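Commentary on secondary and tertiary structure
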Amino acid sequence: PHHTISHMPIQPAGAKGIQGQIYLDKSYEDGLKDLAGFSHIILVYHFHKVNRFQLTVKPFMDDAEHGIFATRSPLRPSKIGMSIVRLIQVKNNIVYFDGADMLNDTPLLDIKPFFRQTDNVPEAVSGWLDQKADELASTMRSDDRFA
């Protein structure tokens, strides 16, 4: 449902209840076999509306500047984004998911299953973000700083 960058959720945690669909070309449909058995998937996509990059940015979740690789800002040299979303269902060549935090018509590069056995890192440290409130990522909305 997101057609502009302004005021959209900045992470899937802030997009709970916002559903999205992936329409795969029919020739890739067999690649979805067994995906429905997973609760979450990792979406890798191209920030197709980004036309510049910055090496330092002031992210939505902080007032200080940080290096681009210490943030999830879309102003990346590679223009690659990633979201871990909850899988709702797979029907033919369409994947339904919850947590849509990307623009409508965003080009999808890949779908990967989320493995709780290897993708969870309970002892992980989140750098400068650890100084922010845990609920911050689920309540933040974008503004025009990366448009």
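A short tour of the structure in this document, coming up. (Residues numbered from 1 in each chain as written. Predicted model: local features only at pLDDT ≥ 70, side-chain atom pairs only at ≥ 80, totals over all residues. Heavy atoms only, no water.)

Observations concerning the pairing of strand S1 (residues 19–23)
- Residues of S1 alternate between two faces, with Gly 20 and Ile 22 buried on one and Gln 19, Gln 21 and Tyr 23 left unburied on the opposite face.
- By the bridge criterion, five bridges tie S1 to strand S6 (residues 94–98) in an arrangement that is antiparallel. Pairing of Gln 21 across the sheet is with Tyr 96, part of S6. (Buried < 20%, exposed > 50% of the residue type's maximum accessible area, 1.4 Å probe, protein only. Helix = DSSP H or I, 4+ residues; strand = E, 2+ residues; numbered from the N terminus. Pairing = 2+ DSSP bridges.)

Points about the pairing of S6
- Burial runs high along S6: four of the five residues are buried.
- Pairing of strand S5 (residues 80–91) with S6 involves five bridges; the strand directions are antiparallel. Bridge assignment links Lys 91 to a residue of S6, and that residue is Ile 94.
- In this structure, the hairpin formed by S5 and S6 is closed by a connection of two residues, where Asn 92 is found at a positive phi of approximately 60 degrees.

Quick notes on the sheet that holds strand S7 (residues 108–113)
- One open sheet holds the five strands; their spatial order is S1-S6-S5-S2-S7, and the pairing between them is antiparallel. Strands with a single pairing partner mark the edges of an open sheet, and in this sheet they are S1 and S7. Averaged over all adjacent pairs, the angle separating strand axes in this sheet is 40 degrees, with direction ignored. (Axes fitted to C-alpha atoms, helices over the stretch in contact; angles between N-to-C directions.)

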